[in-house]
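In case you want the letters, here they are:
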Amino acid sequence: ELIDLPSNLPIYLACQIAITFLGSIFLFAVMRKRAPAVAVYSLALGRAHVLLTTIAVIGLIFNTSVSSVAASRLVFAVARDGVLPWSNWIAQVDSRGNPRNAITVIWVVAATLLCTILPSPVSFSSLVSAAGVPTFAAYALILTCRAIITPNEFRNGSWSLGRWSRPMNLIA
């Protein structure tokens, strides 16, 4: 959890964007033999691509950790509302207030999905792609409603893009 969320969230998000960008560079490095663009990447950077790949691996680890925490908090909140099967067990927290069971559920589901790559990489790619569509649609719906339906009714927090808010919202 972030302390002083309104002030620290922009810094956190900027770091996450940088980490995700570096993670994508890592994916290019992994796909080196399969994707011609990656060969161009390593040729363009020379030996520097090793350092950048190392940074990308570290960024990918952090990004995965943060994504797991966010997903477990979401599962915990939904279970707390009694929506999921075994909600009582999933919504339990440990002595420090951490949703340990929700974290376990996320890791089990992620590991199960990852195992689907073994029989068929194509089916795994299809599964992951299909799962991403509703997520992007949900974010697009929120941003669209914010930009078009309620453009002047949203109260800005302690950190704002100011006059750049609406253009960035439409770009996103």
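Before reading on, note that the structure itself is shown above.
Residues numbered from 1 in each chain as written. Predicted model: local features only at pLDDT ≥ 70, side-chain atom pairs only at ≥ 80, totals over all residues. Heavy atoms only, no water.

Side note on the overall build of the protein
Then, in step 1: Each helix and strand counted, the protein has seven helices and zero strands in total.
Then, in step 2: Its helices and strands taken in sequence order, the protein reads α-α-α-α-α-α-α from the N to the C terminus.
Then, in step 3: Out of the 172 residues in the protein, the part that is buried amounts to 19%.
Then, in step 4: The long-range fraction of contacts in the protein, counting pairs at least 24 apart against all pairs at least 6 apart in sequence, stands at 40%.
Then, in step 5: When the accessible surface of the protein is summed, it comes to about 12900 Å², and 71% of that surface belongs to carbon and sulfur atoms. (Helix = DSSP H or I, 4+ residues; strand = E, 2+ residues; numbered from the N terminus. Buried < 20%, exposed > 50% of the residue type's maximum accessible area, 1.4 Å probe, protein only. Contact = heavy atoms within 4.5 Å. Areas by Shrake-Rupley, 256 points an atom, 1.4 Å probe, with all protein chains shown as cover.)

Some thoughts on the pattern of salt bridges
Then, in step 1: In the structure shown here, the tally under the stated rule is one salt bridge.
Then, in step 2: The partner of Arg100 in a salt bridge is Asp94, and the shortest N-O contact between them spans 3.1 Å.
Then, in step 3: Classification of Arg100 by relative accessible area gives exposed; the value is 53%. (Salt bridge = Lys/Arg side-chain N within 4 Å of Asp/Glu carboxyl O.)

A closer look at helix H5 (residues 100-115)
Then, in step 1: Here H5 is 16 residues long and its end C-alpha atoms lie 23 Å apart, about the 22 Å a rise of 1.5 Å per residue gives.
Then, in step 2: Where H5 is concerned, the buried positions are Asn101, Ala102 and Ile106. Looking straight down H5, one finds its buried side chains confined to an arc of 145°; they lie on one side. Exposed and oriented more than 90 degrees from the buried face of H5 are Arg100 and Leu114. (Expected span 1.5 Å × (residues − 1). Arc of directions from axis to C-beta.)

What to know about the environment of Val75
Then, in step 1: Of note, Val75 is situated in helix H3 (residues 48-80).
Then, in step 2: Exposure remark for Val75: the relative accessible area of 16% places this residue in the buried category.
Then, in step 3: Filtering out sequence-adjacent residues up to four positions away, Val75 remains in contact with Leu84, Ile90, Ala102 and Ile106.

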